Amino acid sequence: MKLQILALDGVFDTGLAALLDVFATANELVGHLALSVAPFEVRVVGLRRRVKTALGFSVPIAGPPAPAAADWMVMPAIGYKMPQTLVPALARADVGEATAVLREARAAHRPVAAACIGTFVLAESGALDGERATTTWWLAPLFRERYPNVRLDEGRMLVRSGDVVTAGAALSHMDLALWLVRQASPELAGLVARYLIVDSRPAQSAYVVSDHLAHSDPLVEKFERWARRHLAEGFSLDAAADAIGASKRTLARRLQAVLGKTPLTYVQDLRIERALHLLRTSSRSLGEIAAAVGYADEVTLRNLLRRRLGRGIREMRLSD
């Protein structure tokens, strides 16, 4: 597998290192364990002769990108974590050139992948239009606003849509790299994960700070505060709309625009967040926790947690 990792100035240090470490470890294990897997040929390519990471380290650039010669083009994150710094960065000349490279890769029918804020660069190229994708969970409102043609699912850690793969926040670079290794050999990917002590993380949902997302819009923030106070009660859209002084239609429209969710789905997210907190920090039974977050029985809560987070109750209790 020939991979070209496109490093822009200000590339996220951990993201780039995670990608390189996974492929280097995979190549070492192939040699030591005599697996019949061809080595991964990894080139870090750039649009400038000198590229520095977000923390100021020099990146050894092998040369300019050549999409036609790559099996995969991989776009790691650039180190701009908040909208006020990311939006100006997306207007940089080298980012514009990177989007042209990604378009060239798609025109040549080359698969492309991106992680974390690298998904914004990929979306700028138009490669995600009409596709399913994930992104950095705390930037989902900005992503949804800028790229309305992308079918965003920020709760997932990794999303494949045809020949395009996107991964979520920060350390999802590791998940993306392991996924690429898995395409060559599931056995090798499992070994690399064991050597690097990487657990399966199918969802970002367990890491999302819901009120951080809600605070990007005043009306959504008011709804979030109301919902938290009434988690133990059955949800009523009429009561919520009356309490925050908005029509049901306006409330639903704002939540869809900002969070991509219905009011009920967002309340479920808050219930899951609260239930997970209680599982990790208290000795309450699952039935008691279910009642505290508005579910009539523990079976409903158990099934919802398993479906959303991909883990069992015992695993969640022990995860901290």
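So, here is what we can say about the structure in this document. Source: prediction; values computed, not measured. (Residues numbered from 1 in each chain as written. Predicted model: local features only at pLDDT ≥ 70, side-chain atom pairs only at ≥ 80, totals over all residues. Heavy atoms only, no water.)

It is worth spelling out the overall build of the protein chain at this point. In terms of regular secondary structure, the protein chain is built from 15 helices and 10 strands. By principal-axis analysis of the C-alpha atoms, the protein chain measures approximately 60 × 45 × 35 Å. Per-residue burial for the protein chain yields a buried fraction of 49% across its 320 residues. Taking all contacts inside the protein chain whose residues are at least 6 apart in sequence as the whole, residues at least 24 apart take part in 66%. (Helix = DSSP H or I, 4+ residues; strand = E, 2+ residues; numbered from the N terminus. Buried < 20%, exposed > 50% of the residue type's maximum accessible area, 1.4 Å probe, protein only. Contact = heavy atoms within 4.5 Å.)

Summarising the element assignment, R271 is placed in helix α12 (residues 263–281). No salt bridge forms around the buried R271; measuring N to O, its nearest opposite-charge neighbour E233 is 8.2 Å away. With sequence-adjacent residues up to four places away left out, R271 is seen in contact with L231, E233, G234, F235, V293, G294 and Y295. (Lys, Arg positive; Asp, Glu negative; His and termini not counted. Salt bridge = Lys/Arg side-chain N within 4 Å of Asp/Glu carboxyl O.)

As enumerated under the stated definition, the model contains 10 aromatic pairs in all. Between F143 and Y147, the aromatic rings sit 4.8 Å apart at their centres with planes inclined by 65°, giving edge-to-face as the arrangement. For the pair F143 and Y147, a shared accessibility class is recorded, and that class is buried. Centroid distance W226 to F235: 6.4 Å. Interplanar angle 70°. Geometry classified as edge-to-face. The structure contains a cluster of three or more aromatic residues connected by ring pairs, namely F223, W226, F235 and Y266. (Phe/Tyr/Trp six-rings, centres within 6.5 Å; stacked < 30°, edge-to-face > 60°.)

Turning our eyes to something else, we now look at the pattern of salt bridges. One pass over the structure, following the stated rule, counts 11 salt bridges. For E97, the salt bridge identified is with R48, shortest N-O distance 2.9 Å. Remark: R48 occurs in the loop between β2 (41–45) and β3 (51–52) and E97 occurs in helix α3 (residues 93–107); sequence separation between them is 49 residues. In this structure, D94 engages R92 in a salt bridge whose closest nitrogen and oxygen atoms are separated by 2.8 Å. Salt bridges sharing common partners tie together E224, R228 and E273.

In this section: the sheet that holds strand β10 (residues 164–167). Spatially, six strands are ordered β2-β1-β5-β6-β10-β9 in an open sheet, and the strand pairing comes out mixed. Every interior strand has two partners, whereas the edge strands, β2 and β9 (158–161), have only one. In this sheet, adjacent strand axes meet at a mean angle of 20° when their direction is disregarded. Relative to β2, strand β1 (residues 2–6) is paired through five bridges, and the arrangement is parallel. Its bridge partner being in β2, K2 is matched across the sheet by E41. Sheet strands touched by helix α1 (residues 13–33): β1, β2 and β5 (72–75). Its angle to β1, the strand with the most contacts, is close to 165°. (Pairing = 2+ DSSP bridges. Axes fitted to C-alpha atoms, helices over the stretch in contact; angles between N-to-C directions.)

Looking now at the nonpolar core. Across soluble globular proteins, nonpolar side chains show a tendency to be buried alongside one another. Ranked by size, the top nonpolar core spans 39 residues in total, and within it L86, I117, F120, V121, L122, L128 and F143 carry the most contacts. Per element, the largest residue contribution to this core is five residues, and it comes from α3. When residues no more than four places from it in sequence are discounted, the contact partners of I117 are A77, I78, Y80, K81, L86, T136 and L139. If you look at the next biggest cluster of nonpolar residues, it comprises 37 residues, including V22, A177, V192 and A193. (Core = buried A, V, L, I, M, F, W, Y, C linked by side-chain atoms within 4.5 Å.)

Across its 21 residues, α1 extends 30 Å between first and last C-alpha, which sits within 8% of the 30 Å expected from 1.5 Å per residue. Among the residues of α1, those classed as buried are D13, G15, L16, A18, L19, V22, F23, T25, A26, L29 and V30. Looking at the buried side of α1, the elements it contacts are β1, β2, β4 (58–59), β5, α6 (172–184) and α7 (186–196). With its phi angle positive at about 55°, A34 sits one or two positions after the end of α1. (Expected span 1.5 Å × (residues − 1).)

A few words now on the packing of α12 against helix α14 (residues 298–309). One can describe the packing of α12 onto α14 by two numbers: an axis separation of 11 Å at closest approach and a directional angle of 100°. Between α12 and α14, the angle is such that the two are roughly perpendicular. Counting all contacts with α12, which are made through T265, Q268, D269, I272, A275, L276 and L279, the residues of α14 involved are L301, L304, L305, R308 and L309. Each residue belonging to the contact of α12 with α14 can be placed in one class, and the counts come to eight nonpolar, two polar and two charged. (Parallel < 35°, antiparallel > 145°, perpendicular 65-115°, else oblique. Nonpolar A, V, L, I, M, F, W, Y, C, P; charged D, E, K, R; others polar.)

Here we come to the environment of L276. Following the sequence through the fold, L276 ends up in helix α12. Since its relative accessible area comes to 6%, L276 is described here as buried.

As a further point, take the environment of D94. Looking at where D94 falls in the secondary structure, it is placed in helix α3. By relative accessible area, D94 is classed as buried at 9%. Aside from chain neighbours lying at most four places away, what touches D94 is L8, D9, L47 and R48.

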